[in-house]
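# What the coordinates show
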Amino acid sequence: MFQEYDVIVVGAGHAGCEAAAAAANMGSKTLLITMNMQTIAQMSCNPAMGGIAKGQIVREIDALGGYSGIVSDASMIQFRMLNRSKGPAMWSPRSQNDRILFSLKWRQMLEETERVEFYQDMVRQILVENGRAVGVVTGLGHEIKAKAVVLTNGTFLNGVIHIGEKRLGGGRVAEKASEGLTEQLVSLGFESDRLKTGTPPRVDGRSLDYSKMEEQKGDEEIRGFSYLNSEKPQTQRSCWITYTNSEVHDLLKTGFDRSPMFTGRIEGVGPRYCPSIEDKINRFAEKERHQLFVEPEGWNTVEVYVNGFSTSLPEEVQYEALKKVPGFEKVKFFRPGYAIEYDYFPPTQLNYSLETKHIENLFFAGQINGTTGYEEAACQGLMAGINAHLKTRNEAPLILKRSEAYIGVLIDDLISKGTQEPYRMFTSRAEFRTLLRQDNADLRLTELSYRLGLASQERMDKVFQKKKEVEEIKTYLSTVTIEPSEINTFFEKVGSASITEKQKAERILLRPNISLQDLIAHVPKLNNSLSGFEPESIEQAEIQVKYQVYIDKEKDLVARMRQLEDLEIPEQFDYQRIISLGAEAREKLNRVKPRTLGQASRISGINPSDVQILMVYMGR
């Protein structure tokens, strides 16, 4: 019934879908196994992609040849570029999406991907021979062989749903949990633990009074995520903002004695940066209100997602409290909020390729590694799929550095530091964020992916064209001069100092609050010379001109830090014999087994003196 596959991917969430697509597009015969073919790429929580730092990840996935950006563009109902008031390193694309359309588009793209096959079943065991994964055993008892296995189980591993005092087995509402895998992996030497996440109520939009809320429209210009010319909506739907109040908080407190979070029934640690509403009230007692985002679930549905009201309180408490929120006085529930607790495997048990240290040819990606968020899961799936394919071909893995991508930052953080709470990406986690902007992900990553056979020729052609145009624009700006008579009228309008002699356009562009599009619009010769270039090329050239000093500084820092990154530590290095290292340092170094001194320096609890001692023992 089943042939042998190159790669088996277990789970069809965001990580599993990207893993299957990447492995197949690189040439691996791939089987995607899911417990429910109707929930492929399900948006289990909020119907949105991107956001601060997460938007950069989606653009990186797209630049590498993944599907998340294309699917997000095709299913978006609203687009916003966040943080436009700040520098370009902070700009972050975010889309509101049609939940059903997102899933349908993902399934369509996978079904159109050559070498991807599907099977609906639960995987209860990994086939292991001589310390290597060689396939899986399904719930129906089928043994399916493969050269590599990628686990992307999401919240399904021994998942338990909590609603007040009610406790239900499940990996998502109305979907059963996956059992057996954790127990087998622990018996093979893996360490596991529990995490918790939550989701808010879904409500009937027809029962809401939007006149009492603040409207939040999308951007006039829909930029999207994909660097390809992907389809984008012609119109957009608004989101809305409202707030809790002291009356809401008092009603919520009446359920605290039945809250699984406060009574100890939930053992797993929840996400620090996306806490439940009861956690917010408890931790931030001084706050009189909390912001709620009222988000439509799609084009053709009245279902609404109440972002900011994640909760596991009893249903009646959720309902009564939500009725006191402005605009929700007559609210009707589609379903209550709930918390879900699930198994994960601390990611220090992985190599940088996302292959496990205990079992060869077995890869982990997504929430099984302790992350939270579609974007974090998707990028891990992409990398696991790429590296599973490369492993089956006995080729070196693709490992992105912290200076190359947010994806590299995420994986390095997980491997080096581990996580005891759901890990979420932020721009502050990246020390080189001026280099890792959302606008240049294609310039950073597409050529790398193209050489591996993943990014398409179309993508590579667009990158070459963009590079060519950017250099032409920069050269032009460095040579053309602008006379005072050509620009002073515009300067007066915007409150910028007039010039008394001609200046290079490049120098004028360095002024704050002066954009290249402003100059093109007000200086005829610039308009004549530059209006034919692509808007993305014009924006890229402007960013490079304006921020070149900061970009060069970060490049210098990367070069200096590369010395540590290039100093490899032998795999069998014995830290226990270095008595000058503290006991904690020896224990952590032995557990993580860093590949380089750079990685060792980023392990929590390892200080600079420990790194210096290692350098001495390595003959440096």
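You'll find the structure just up there.
Worth saying up front: this structure is predicted, and the values here are computed from it rather than measured.

## What to know about the sheet that holds strand 19 (residues 338–344)
The strand order across the open sheet formed by four strands is 11-10-19-12, and the pairing between neighbours is antiparallel. Each edge of the sheet is formed by a strand with only one pairing partner; in this case those strands are strand 11 (166–169) and strand 12 (193–199). Here the average twist between neighbouring strands, direction ignored, is 25 degrees. Here strand 12 runs beside strand 19; their pairing, made up of seven bridges, is antiparallel. Bridge pairing in strand 19 links Arg194 to Asp343.

## Observations regarding the packing of aromatic side chains
Per the stated rule, a full pass over the model turns up twelve aromatic pairs. For the ring pair Phe79 and Phe225, a centre distance of 6.3 Å and an interplane angle of 85 degrees mean the geometry is edge-to-face. Placement of Phe79 in strand 4 (residues 76–82) and of Phe225 in the loop between strand 14 (214–216) and strand 15 (239–243) is noted, with a sequence separation of 146 residues between them. The buried category is assigned to Phe225, whose relative accessible area is 0%. Ring geometry for Phe345 versus Phe364: centroids 5.6 Å apart, planes at 50 degrees, classification tilted. Of this pair, Phe345 sits in the loop between strand 19 and strand 20 (362–364) while Phe364 sits in strand 20, and the two are 19 residues apart along the sequence. Across the pair, exposure class does not vary: Phe345 and Phe364 are buried alike. Linked through ring pairs, Phe190, Phe345 and Phe364 together constitute an aromatic cluster. Sitting over the face of the ring of Tyr423, Arg429 holds its NZ or CZ atom 4.1 Å from the ring centroid.

## As for the environment of Glu542
For Glu542, the location among the structural elements is in helix 18 (residues 535–546). Note: C-alpha distance between Glu542 and Asn488 (54 residues apart in sequence) is 21 Å. Those residues in contact with Glu542 that lie beyond four places of it in its chain are Leu509, Ile514, Ser515 and Leu516. In this structure the side chain of Glu542 is engaged in a polar contact, spanning 3.3 Å, whose partner is the backbone nitrogen of Leu516.

## Let's talk about helix 22 (residues 608–617)
For helix 22, every residue scored as buried is listed here: Asp610, Val611, Ile613 and Leu614. Angular distribution of buried residues about the axis of helix 22 spans 160 degrees; they occupy a single face of the element. Exposed side chains of helix 22 directed beyond 90 degrees from the buried face belong to Pro608, Gln612 and Val616. Packing partners of the buried residues in helix 22 comprise helix 19 (548–565), helix 20 (583–592) and helix 21 (597–601).

## Structural notes on the packing of helix 2 (residues 54–63) against helix 12 (residues 441–452)
Two elements in contact, helix 2 and helix 12, have axes separated by 8 Å at closest approach and are oriented at 35 degrees. For the element pair helix 2 and helix 12, the recorded crossing hand is right-handed. Residues Arg59, Glu60 and Ala63 of helix 2 form the contact with helix 12, whose own contacting residues are Ala441, Asp442, Arg444, Leu445, Thr446 and Ser449. Here the contact of helix 2 with helix 12 is composed, by residue class, of three nonpolar, two polar and four charged.

## Examining a nonpolar patch on the surface
Together, Ile100, Leu101 and Leu104 make up an exposed nonpolar region whose accessible area comes to about 290 Å². Position of Leu104 among the secondary structure elements: in helix 4 (residues 99–111). A relative accessible area of 53% means that Leu104 is categorised as exposed.

## A word on the nonpolar core
By size, the foremost hydrophobic cluster in this structure holds 94 residues, and its most contacted members are Leu151 and Leu362. Apart from the residues lying within four places of it in its own chain, the contact partners of Leu151 are Val10, Ile126, Leu181, Leu185, Leu362, Phe363, Phe364, Ala365 and Ile368. Membership of the second largest hydrophobic core comes to 24 residues, among which are Val470, Leu477, Phe491 and Leu516.

## Details of the pattern of salt bridges
This structure, assessed with the given rule, holds 42 salt bridges. For Glu316, the salt bridge goes to Arg258, with nearest N and O atoms at 2.8 Å. Of this pair, Glu316 sits in helix 9 (residues 315–322) while Arg258 is found in the loop between helix 6 (246–253) and helix 7 (260–263), placing the two residues 58 residues apart along the sequence. Given the relative accessible area of 44%, Glu316 is considered partly exposed. Here the residues in one salt-bridge network are Arg402, Asp412, Asp413, Lys417, Glu431, Glu565 and Arg602, joined through shared partners.

## Some details on the side chain of Ser226
Mapping Ser226 onto the fold places it in the loop between strand 14 and strand 15. Overall, Ser226 belongs to the buried group, its relative accessible area being 4%. Engagement of the side chain of Ser226 in a polar contact is seen with the side chain of Asp62, the distance being 2.9 Å. Every residue in contact with Ser226, bar those within four places of it in the chain, is listed here: Arg59, Asp62, Gly69, Ile70, Asp73 and Arg459.

## Quick notes on the sheet that holds strand 14
An order of 14-15-16-17-13-18 is seen for the six strands of this open sheet, with the pairing classed as antiparallel. Pairing within the sheet leaves two strands with one partner each, and these edge strands are strand 14 and strand 18 (333–335). For this sheet the average axis-to-axis angle between neighbouring strands, irrespective of direction, equals 35 degrees. Pairing of strand 16 (residues 291–296) with strand 17 (residues 303–307), which is carried by four bridges, proceeds in the antiparallel orientation. Its bridge partner being in strand 17, Pro296 is matched across the sheet by Val304.

## Focus on the side chain of Thr392
Tracing the sequence through the fold places Thr392 in helix 10 (residues 374–392). Here the side chain of Thr392 touches His389 through a polar contact of 2.6 Å, landing on its backbone oxygen. Setting aside residues up to four positions removed in sequence, Thr392 forms contacts with Asp6, Val7, Ser28, Lys147 and Ala148.

## Remarks on the pairing of strand 8 (residues 132–138)
Buried residues dominate strand 8, accounting for six of its seven residues. Bridge count between strand 7 (residues 123–129) and strand 8: six bridges; the pairing is antiparallel. Among the inter-strand pairings, Gln125 is bridged to a residue of strand 8, identified as Val137. Hairpin connection from strand 7 to strand 8: two residues lie between these consecutive antiparallel strands, with Asn130 at a positive phi of about 55 degrees.

What counts and how
- Residues numbered from 1 in each chain as written.
- Predicted model: local features only at pLDDT ≥ 70, side-chain atom pairs only at ≥ 80, totals over all residues.
- Heavy atoms only, no water.
- Pairing = 2+ DSSP bridges.
- Helix = DSSP H or I, 4+ residues; strand = E, 2+ residues; numbered from the N terminus.
- Axes fitted to C-alpha atoms, helices over the stretch in contact; angles between N-to-C directions.
- Phe/Tyr/Trp six-rings, centres within 6.5 Å; stacked < 30°, edge-to-face > 60°.
- Buried < 20%, exposed > 50% of the residue type's maximum accessible area, 1.4 Å probe, protein only.
- Lys NZ or Arg CZ within 6 Å of the ring centre and 35° of its normal.
- Contact = heavy atoms within 4.5 Å.
- Polar contact = N/O pair within 3.5 Å; in protein donor to acceptor, adjacent residues only side chain to side chain.
- Arc of directions from axis to C-beta.
- Left-handed = near helix turned anticlockwise from the far one by under 90°.
- Nonpolar A, V, L, I, M, F, W, Y, C, P; charged D, E, K, R; others polar.
- Patch = residues over 30% accessible without salt bridge, like charges linked within 9 Å, V, L, I, M, F, W, Y side chains within 5 Å.
- Areas by Shrake-Rupley, 256 points an atom, 1.4 Å probe, with all protein chains shown as cover.
- Salt bridge = Lys/Arg side-chain N within 4 Å of Asp/Glu carboxyl O.
- Core = buried A, V, L, I, M, F, W, Y, C linked by side-chain atoms within 4.5 Å.

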